Amino acid sequence: MHVFRTNSVLKYLDARGEAGGDFIDDDLFSNLEPLVIQLSVKEAIIPTGTASGTTERDLDLSKLIAVFKRCGVVVTEHKPSDTRTRLFLFDYDGTFTPIFKMPSMALPSPNALTALEKITSDPNNIVYIVSGRDQAFLEEHLGHFRVAAWMNFTASLDMGWVEEVAEIFRYHTERMNGNHIEMKKSSITWHYRSSDPEWGQFQCRQCQDSLDNNIVPKRPIEVLVGKKNLEVQPITVNKGEIVKRILYQNPGVEFIFCAGDDKTDEDMFRALLLFPPSSTSKATMEPPLSVTLIDNTKEYGDVELAVSPEAVFTTAVGHSSKRTLASWHVTTPEEVVEHILFLVGETPQGDEGVIVSHCRSP
Ligand SMILES: O=P(O)(O)OC[C@H]1O[C@H](O[C@H]2O[C@H](CO)[C@@H](O)[C@H](O)[C@H]2O)[C@H](O)[C@@H](O)[C@@H]1O
């Protein structure tokens, strides 16, 4: 018998690894004992700990183990020593931290830092923060973690359009209060969160029209409408292209978790629609633009991906009514962090809440 515990529900598989069933039990596992006797269980295999050590969850599991031992069942603890490579792709603002009035206030919480520290310390995890933020900000607050190396997509690109865009942004900045321009290494963002909402929205539309009519047709850039901001960036810095590049360079990953809250994150979710509906087969990937455009001195071929459809977890952060290409959803950034902590066997500090994910698609 293989036993799994999810909150108060116990699931078990039979000796051949086929589903036996599940049932609700209390903290003392009172319903387990009669079941063990009825099924004449000889051995129980229980997943405990994480690959790197024991967890608080194990203390609770000790009660479960005691029940089995009382019934004369041999207990085998199974630590996840698997060497599967996992890919984690996190957006930052609105996903890893809540949205704040000023960008400088959106700092990672202690739980978020613990989650990132744990997840990056496992050499089988490849972790990327795929963010519209500037490298300097991310480096200051997250740079000490073993996140995958910075990728500068702008080194070989023409960034001559930045001043033309800044001029249009400045025109609108001067027409209202409570707004500012954020200059970044690979993009430029105009924020109007603290402006009058209606006037801000109006200026935003005007500004977008101006960019679309005067600059977009002649430059390799795109205009992104964000949360109370307008952002302009080179086409190849698109988050979907970045995810394709990461995947193309890491075709052996067998698990993918990707979370985001904004429109730009939908490009990541789209890039991870790797399989035709109801396909169970492996996917093949052509070399993406973000690989061929950045280094066109080499020949690139297709790669076969190791990941299977059920191991791709795209997760939208926000209200459940939100339109998204993600397969899963959580409501707040805190839940994203709790999920990561749960995956590494940690309990969030200052919150005893139950973790719930909602699957959007069948
Ligand atoms: O790709 P992301 O990590 O989601 O970054 C997108 C933009 O996030 C930041 O702006 C947003 O968050 C701010 C802090 O909560 C908020 O004040 C602002 O209104 C939001 O638009 C960041 O400042 C931008 O540079 C990013 O492009």
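Small disclaimer: the values here were computed from a predicted structure and weren't measured. (Residues numbered from 1 in each chain as written. Predicted model: local features only at pLDDT ≥ 70, side-chain atom pairs only at ≥ 80, totals over all residues.)

Let's talk about the overall build of the protein chain
Counting its regular elements, the protein chain contains 10 helices and 17 strands. Within the protein chain, contacts between residues separated by at least 24 positions form 65% of all contacts whose residues are at least 6 apart in sequence. (Helix = DSSP H or I, 4+ residues; strand = E, 2+ residues; numbered from the N terminus. Contact = placed C-beta atoms within 7 Å.)

Observations concerning the site of the ligand
Residues in contact with the ligand amount to 24 residues; listed here are only the nearest, Tyr 92, Asp 93, Pro 103, Ser 131 and Gly 132. Every element with two or more residues in the shell around the ligand is listed here: strand E9 (188–191) and strand E11 (229–234). A per-class count over the shell around the ligand returns 6 nonpolar, 8 polar and 10 charged. Both domains that meet at the shell around the ligand, namely domain 2 (86–154 + 237–359) and domain 3 (162–233), each give it at least three residues. (Near = placed C-beta within 6 Å. Nonpolar A, V, L, I, M, F, W, Y, C, P; charged D, E, K, R; others polar. Domains from an automatic or database assignment.)

A closer look at the packing of helix H3 (residues 110–121) against helix H10 (residues 333–343)
It is the contact of H3 with H10, at a shortest axis distance of 9 Å, that shows an interaxial angle of 40 degrees. H3 and H10 meet at a crossing whose hand is left-handed. On H10, the residues that touch Asn 111, Ala 112, Thr 114, Ala 115 and Ile 119 of H3 are Val 337, Ile 340 and Leu 341. Considering only residue class, the contact of H3 with H10 consists of 6 nonpolar, 2 polar and no charged. (Axes fitted to C-alpha atoms, helices over the stretch in contact; angles between N-to-C directions. Left-handed = near helix turned anticlockwise from the far one by under 90°.)

Some points on the pairing of strand E10 (residues 221–226)
As paired elements, E10 and E11 share 6 bridges and run antiparallel to each other. Each bridged residue has a counterpart across the sheet, and for Val 223 the counterpart in E11 is Val 232. (Pairing = 2+ DSSP bridges.)

Concerning unusual backbone geometry
The backbone of Ser 40 sits at a positive phi, close to 50 degrees, despite the residue not being glycine. The topology assignment puts Ser 40 in the loop between helix H1 (32–38) and strand E4 (43–47). Phi is positive for Lys 228, close to 55 degrees, though the residue is something other than glycine. Position of Lys 228 relative to the elements: it lies in the loop between E10 and E11.

A look at the nonpolar core
Of all hydrophobic cores here, the largest spans 41 residues; its most connected members are Leu 89, Phe 90, Val 243, Ile 256, Cys 258, Met 268 and Leu 272. When residues of this core are traced back to their parent elements, those giving at least two are strand E6 (86–90), H3, strand E7 (125–129), helix H7 (239–249), strand E12 (255–260), helix H8 (263–271), strand E15 (312–317) and H10. In terms of residues, this core owes the most to one element, E12, which gives 5 residues. Setting aside its immediate chain neighbours within four residues, Phe 90 contacts Thr 95, Phe 96, Ile 129, Val 130 and Ala 259. Residues Trp 161, Val 165, Tyr 192 and Leu 230 belong to the second largest nonpolar core, which totals 12 residues. (Core = buried A, V, L, I, M, F, W, Y, C linked by C-beta atoms within 7 Å. Buried ≥ 20, exposed ≤ 12 C-beta atoms within 10 Å, placed from the backbone.)

Looking at the packing of H7 against H8
In helix packing, the relevant descriptors are the interaxial angle and the interaxial distance, both defined with respect to the helix axes. The contact between H7 and H8 brings their axes to 7 Å, and the two run at 35 degrees. Crossing angle aside, the handedness with which H7 passes H8 is right-handed. Contacts between H7 and H8 involve Lys 239, Gly 240, Val 243 and Lys 244 on the former and, on the latter, Thr 264, Asp 265, Asp 267, Met 268, Arg 270 and Ala 271. Class assignment of the residues belonging to the contact of H7 with H8 gives a composition of 3 nonpolar, 2 polar and 5 charged.

Brief notes about the sheet that holds E11
An order of E8-E9-E11-E10 is seen for the 4 strands of this open sheet, with the pairing classed as antiparallel. Looking at which strands have only one partner, the edges of the open sheet turn out to be strand E8 (180–183) and E10. Strand-to-strand twist of the sheet, defined as the mean angle between neighbouring strand axes without regard to direction, takes the value 15 degrees. Of the pairings in the sheet, the one linking E9 to E11 comprises 4 bridges and is antiparallel in character. Each residue of the ladder has a partner; that of His 191, found in E11, is Asn 229. Against the sheet, helix H5 (residues 162–173) touches E8, E9 and E11, its axis set at about 5 degrees to E9.

A short note on the confidence of the model for the protein chain
Taken over all residues, the pLDDT of the protein chain has a mean of 83, while the share at 70 or more is 80%. Across residues 352–357, where pLDDT falls below 50, the model places 7 contacts with residues more than four positions away in sequence or in other chains. (pLDDT = per-residue confidence, 0-100.)

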